Amino acid sequence: MAAADVVSAKKLVENLQTDLRALSNEAKKKYPPVKEAAEAGILRIRTVVAKNKDIIPALIACSGEIMQPFLLGCDTKNLRIVQICLASIQRLIAKQALSQEAGSNVVNMLWNLMDCGIEDLKVLQTTLVLVTTSTVVRGNALARAIVICFRLHFSKDNTVSNTASAIVQQVVCTVFERVLAEDAANAAGAEDHSIHQNSLKTNSRLPPKSLRPCATDAYLLFQDLCQLVNAEHPTWLLGLTEMSRTFGLELLESILNSFPQVFLRHKEFSFLLKERVCPLVIKLFSPSLKHKQNLMSTGPLVGDKPYFPLNMRLLRVVSVLINKYYSILVTESEIFLSLLVKFLEGDKPMWQRILALEVLHKLCVQLKLLR
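Numbers given to residues run from 1 along each chain, matching the order in which its sequence is written. A pLDDT threshold of at least 70 governs which residues receive local features in this predicted model, and a stricter bar of 80 or more applies before side-chain atom pairs are shown or counted, although totals over entire chains, interfaces and linings include all residues. Processing note: side-chain calculations cover all non-hydrogen atoms of the structure and skip hydrogens and water entirely.

Quick word on the overall build of the protein chain
Then, in step 1: By definition, any uninterrupted DSSP run of H or I lasting at least four residues is a helix, any uninterrupted run of E lasting at least two residues is a strand, and each is numbered from the N terminus. Counting its regular elements, the protein chain contains 18 helices and zero strands.
Then, in step 2: Should any heavy atoms of two residues lie within 4.5 Å, those residues are considered in contact. Put simply, 72% of the contacts in the protein chain that link residues at least 6 apart link residues at least 24 apart.
Then, in step 3: Using a 1.4 Å probe, the Shrake-Rupley method yields the accessible areas, and only the shown protein chains count as cover for residues. Counting only carbon and sulfur atoms, one obtains 54% of the accessible surface of the protein chain, whose full area is about 18000 Å².

A word on helix α15 (residues 308-325)
Residues spaced three or four apart along an α-helix face the same direction, because each turn holds 3.6 residues.
Then, in step 1: Helices are assigned an expected span. That span is 1.5 Å times one less than the residue count. Look at α15: 25 Å from first C-alpha to last across 18 residues, which is about the 26 Å you get at 1.5 Å a residue.
Then, in step 2: For the exposure calls, accessible area comes from a 1.4 Å probe over protein chains only, and a residue counts as buried if that area is under 20% of its type's maximum, exposed if over 50%, partly exposed in between. Most of α15 sits inside the fold, with 13 of its 18 residues counted as buried.

Describing the nonpolar core
Then, in step 1: As used here, the term nonpolar core means buried Ala, Val, Leu, Ile, Met, Phe, Trp, Tyr and Cys residues forming a set that is joined through side-chain atoms within 4.5 Å. Counting residues in each nonpolar core, the largest one holds 122 residues, and the members touching the most others are Phe150, Phe176, Phe222, Leu237, Leu256 and Phe263.
Then, in step 2: Leaving out residues up to four positions away in the same chain, Leu237 has contacts with Ala143, Ile146, Val147, Phe150, Leu221, Asp224 and Leu228.

Considerations on the confidence of the model for the protein chain
Then, in step 1: A score from 0 to 100, pLDDT tells how confident the predictor is in each residue. A residue-level look at the protein chain finds 89% of positions with pLDDT of 70 or above and a mean pLDDT of 89.
Then, in step 2: In the model, residues 294-303 has pLDDT below 50 throughout and makes two contacts with residues more than four positions away in sequence or in other chains.

As for the packing of aromatic side chains
Then, in step 1: Note on aromatic contacts: the rings of Phe and Tyr and the six-membered ring of Trp form a pair at centre separations within 6.5 Å, being stacked when their planes are under 30 degrees apart, edge-to-face when over 60 apart, and tilted otherwise. Under the definition given, this model contains eleven aromatic pairs.
Then, in step 2: Centroid distance Phe176 to Phe269: 6.2 Å. Interplanar angle 70°. Geometry classified as edge-to-face. Of the two residues, Phe176 sits in helix α9 (residues 158-185) while Phe269 sits in helix α14 (residues 267-290), which places them 93 residues apart along the sequence.
Then, in step 3: In this structure Phe176 comes out as buried when scored by relative accessible area, which is 0%.
Then, in step 4: Each ring, one from Phe285 and one from Phe343, has its centre 5.1 Å from the other, and the planes form 80°; the classification is edge-to-face. Linking Phe285 in helix α14 with Phe343 in the loop between α16 (330-342) and α17 (350-364), this pair joins segments that are 58 residues apart in sequence. For the pair shown, Phe285 and Phe343 are each scored as buried.
Then, in step 5: Clustering of aromatic rings is evident, with ring pairs tying together Phe176, Tyr219, Phe222, Phe259, Phe263, Phe269 and Tyr325.

Focus on α16
Then, in step 1: A rise of 1.5 Å per residue sets the reference length of α16, with its 13 residues, at 18 Å; its end C-alpha atoms lie 19 Å apart and thus fit the reference within 8%.
Then, in step 2: Within the sequence span of α16, burial applies to Glu332, Ser333, Phe336, Leu339 and Leu340. The arc enclosing the buried residues of α16, seen along the axis, measures out at 115°, which places them on a common side. Counted as exposed and oriented over 90 degrees from the buried face of α16: Thr331 and Val341. Taking the helix axis as origin, the arc is that swept by the directions to the C-beta atoms.

A few points about the packing of helix α4 (residues 63-75) against helix α5 (residues 79-94)
Then, in step 1: One can describe the packing of α4 onto α5 by two numbers: an axis separation of 8 Å at closest approach and a directional angle of 145°. Remark: the crossing between α4 and α5 carries left-handed chirality. Across from Ile66, Met67, Pro69, Phe70, Gly73 and Cys74 in α4, the residues of α5 making contact are Ile81, Val82, Cys85, Leu86, Ser88, Ile89 and Leu92.
Then, in step 2: We call Asp, Glu, Lys and Arg charged. Ala, Val, Leu, Ile, Met, Phe, Trp, Tyr, Cys and Pro are nonpolar, and the rest, Gly among them, are polar. Looking at the contact of α4 with α5 residue by residue, the class counts come to eleven nonpolar, two polar and no charged. To get an axis, fit a line to the C-alpha atoms, keeping to the stretch in contact for a helix; angles then go from 0 to 180 degrees between the N-to-C directions. Each crossing is labelled by how the near helix is turned from the far one, with a counterclockwise turn of less than a right angle marking it left-handed and a clockwise turn marking it right-handed.

Here's the deal with unusual backbone geometry
Peptide bonds are trans in most cases, and residues, glycine excluded, mostly fall at negative phi.
Then, in step 1: Notably, Lys77 is not glycine yet its phi reads approximately 65°, a positive angle.
Then, in step 2: The residue Lys77 is located in the loop between α4 and α5 in this model.
Then, in step 3: For Ala231, which is not a glycine, the phi torsion comes out positive at approximately 65°.
Then, in step 4: The residue Ala231 is located in the loop between α11 (213-229) and α12 (245-258) in this model.
Then, in step 5: Using a relative accessible area of 62% as the deciding quantity, one classes Ala231 as exposed.

So, in structure tokens, the structure goes:
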């Protein structure tokens, strides 16, 4: 163990003990069980330090016990106690001193705080650190962590909503960054390419068994984002009841633009592009294709008009699909190009024609696409 790591571990232990003393003092009058758990936590940490030279691995092994006083403290819903507990939990997360089970317990605790509307910003901050620092939170626990961020995005408090929006984007990107790291770590190993399209279609809502753990999480996340944009219920992000189409399309565009290697390398993700994304884009474009501008009339009903924010994001998605995925979406790209040309017709709104021209210009200046 390097000298810097030893110093860092000792500093963590000192801070944890300080936090537990503060928790004990704060809870001694109203919450005796929390006080007792905090004092037991101090003794447990001292025992761990006395018996182990490698402190962090030892803390991970007993992180469930060490976390107990902080989880009990958060259950009190007392603002001061919750603040102390979240600060200490963040220390453990930052030093990667949590086991997978302890990470799941933290997610459940954060979910309860979100439901009660307590310390929303700190809940978001803790969730971000938990997901981005390590991979201890995976599977259903990861889905719950993501749902926490999504639900706080729809908070009536503008500060919480805007913070959650930024964190959702970071967390979503982190899920796909994990796939890249997982692929790099297994680059020398044999990959199973025996996946069949029919098996994907048959169990379309279930993740393919050929995917590794991090890729499975990313697959389920991307599939649910497509379903939510399509006004369908998610199958993995359980508890998420709403998401605006514009925000969903922004997330899809960000993923497709930033992680083409994931979709080009894994046939399972290529399947999602063909079977979920492309039909979804064509479906959402339908109102814009049917609409015709008539300057002599009072105009069509508002619900029939092309919606600028939606169309702008759809066209961005189309631009990314043609630019980065033409090699696997040849037929679909031709359909998208024909739709763009239709948007240039004189009976379409001026803003719609301008947006289509911008996309066509971006595509035409790239020689590799024009060969």
